[in-house]
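# Summary of structural features
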Amino acid sequence: MSFTGVLRPGHCAIRVMEMGPAVTHYVERLGLIETHRDAQGRVYLKGWDEHDCFSIVLREADAPGMDYMGFKVLGAAALERLDADLRAYGCEVERLPAGELEGCGARLRLCAPGGHLFEFYAEKRRIGNGLGYRNPHPWPEGLRGMRANRYDHCLLYGPNLGATVALFTEVLGFDLTEKVLAAEEAMIGAFLSCSNKAHDIAFIEHPEPGKFHHASFLLGSWEEVLHAADLMSMHGIPIDIGPTRHGITRGRTIYFFDPSGNRNEVFCGDYTWYPDREPIVWDAGELGRAIFYHDRKLNESFLNVVT
């Protein structure tokens, strides 16, 4: 846990193949709030309880997937320390100017060993959650769809899992909270936290680099997850799996697809992580129970469909 360095997931840039249906999905169905659009045609969104001006960026492209994932750090000094630490570790770091993402300050960007782009920033324009900071109500009126509270984490597929975990734990200050081991004790899955959530990012060993499994959004309760499932059926949103519970992280969850084929998750509940705990270990032979605790069966679509 590192509240003096990397704070939390800050944004995820997602490629969509047609912007109109994508905005309908993420705003009307998932319940994110559109905050603005830029001259490049990118659409900026946030969950209702996020205070910074965006956490999801949609970009129209020829193929779906994730462009990059961003993490917020605690202040400009922490960003400069991180730049120096990454370069000393041997990473190639690109500096992006403030404003290249509208509302976001200067960013550091690197390509991790699994082929994913990550970036780090200290400043983002704050617009609040519509409730104010004095004597606020618990939630705002007028929320849409599944009423997503916040963007929470990503699961990413790629090679070189051990090197990726080393980068995140040795340089970025993340804790390894859970891991999946193959029969020969090789790590094939890793769940990492920079906070005291069960995970802020997760990785699965996979031969193709830079693959995107899902972006996840927090809901308030199991009842809200079931309400989300009702909306998916109402509007014909393709469901991958759920509602169900994970063994890994204990989350109660449902997975579904946006119109471009990118997988989303809405979930509630996990455990509180503290850095004096030992990581939880799952054996590959128990992977069905680890992923889908109730029926204990692996879903081939869930394991193999990535963008």
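Only a predicted model underlies this, so the values are computations on that prediction, with no experimental measurement involved.

### Re the overall build of the chain
In terms of regular secondary structure, the chain is built from six helices and 17 strands. Against the compact-globule benchmark of 19 Å for 307 residues, the chain has a radius of gyration of 18 Å, which places it among compact chains. The principal-axis extents of the C-alpha atoms in the chain amount to approximately 50 × 45 × 45 Å. The proportion of buried residues among the 307 residues of the chain is 55%. Counted over contacts in the chain with a minimum sequence separation of 6, partners at least 24 positions apart contribute 67%. Within the chain, the 42 negative side-chain charges are centred at a point lying 4 Å from the centre of the 31 positive side-chain charges.

### Thoughts on the environment of I239
If you trace the backbone, I239 turns up in strand β14 (residues 239-245). The class of I239 is partly exposed, set by a relative accessible area of 39%. The sequence separation of I239 and D258 amounts to 19 residues, and the corresponding C-alpha distance is 9.7 Å. Apart from the residues within four sequence positions on either side, I239 is in contact with M232, I254, Y255 and F256.

### Describing the packing of aromatic side chains
Scanning the entire structure with this criterion turns up twelve aromatic pairs. Consider the rings of F118 and F168, whose centres lie 5.2 Å apart with planes at 80°: the pair is edge-to-face. Taken as a pair, F118 in strand β8 (residues 117-121) and F168 in helix α3 (residues 161-171) lie far apart in primary sequence, 50 residues in all. F168 carries the same exposure label as F118, and that label is buried. Between F292 and F302, the ring centres sit 5.0 Å apart and the planes meet at 70°, which makes this aromatic pair edge-to-face. Taken together, the positions of F292 in the loop between α5 (287-291) and α6 (300-304) and F302 in helix α6 put the pair ten residues apart, joining distant regions of the chain. For F292, a relative accessible area of 1% translates into the label buried.

### Some details on the side chain of K46
One can find K46 in strand β3 (residues 43-46). Buried within the structure, K46 lacks any salt-bridge partner; E50 is the closest side chain of opposite charge, at an N-O distance of 5.9 Å. A polar contact is formed between the side chain of K46 and the backbone oxygen of W48, at a distance of 3.5 Å. Of note is the side chain of K46, whose polar atom sits 2.7 Å from the backbone oxygen of E50. Once residues within four sequence positions are removed from consideration, K46 is found in contact with L32, I33, T35, D52, C53, F54, S55, I127, G128 and N129.

### Describing the sheet that holds strand β11 (residues 187-193)
Across the sheet, which stays open at both edges, the nine strands sit in the order β14-β15-β16-β13-β9-β12-β11-β10-β17 with mixed pairing between neighbours. Every interior strand has two partners, whereas the edge strands, β14 and β17 (280-283), have only one. The sheet shows a mean angle of 15° between the axes of neighbouring strands, taken without regard to direction. Judged from the four bridges that link them, β14 and strand β15 (residues 252-257) form a sheet pairing that is antiparallel. When the sheet's bridge partners are listed, T244 is paired in β15 with T253. Helix-sheet contacts for α3 involve β10 (175-181), β11 and β12 (201-205), and the interaxial angle to β11 is about 15°.

### A word on the pattern of salt bridges
Oppositely charged side chains may form a pair once their charged atoms are brought near each other. In this structure the tally under the stated criterion is 20 salt bridges. R126 is the partner of D52 in a salt bridge, and the nearest nitrogen-oxygen pair spans 3.7 Å. Note that D52 is positioned in the loop between β3 and β4 (56-60) and R126 in the loop between β8 and β9 (150-158), a separation of 74 residues in sequence. For R59, the salt bridge is made with D67, and the minimal N-O distance between the two is 2.8 Å.

Conventions we followed
Residues numbered from 1 in each chain as written. Predicted model: local features only at pLDDT ≥ 70, side-chain atom pairs only at ≥ 80, totals over all residues. Heavy atoms only, no water. Helix = DSSP H or I, 4+ residues; strand = E, 2+ residues; numbered from the N terminus. Rg over C-alpha atoms; globule rule 2.2 N^0.38 Å. Buried < 20%, exposed > 50% of the residue type's maximum accessible area, 1.4 Å probe, protein only. Contact = heavy atoms within 4.5 Å. Lys, Arg positive; Asp, Glu negative; His and termini not counted. Charge placed at Lys NZ, Arg CZ, Asp CG, Glu CD. Phe/Tyr/Trp six-rings, centres within 6.5 Å; stacked < 30°, edge-to-face > 60°. Salt bridge = Lys/Arg side-chain N within 4 Å of Asp/Glu carboxyl O. Polar contact = N/O pair within 3.5 Å; in protein donor to acceptor, adjacent residues only side chain to side chain. Pairing = 2+ DSSP bridges. Axes fitted to C-alpha atoms, helices over the stretch in contact; angles between N-to-C directions.

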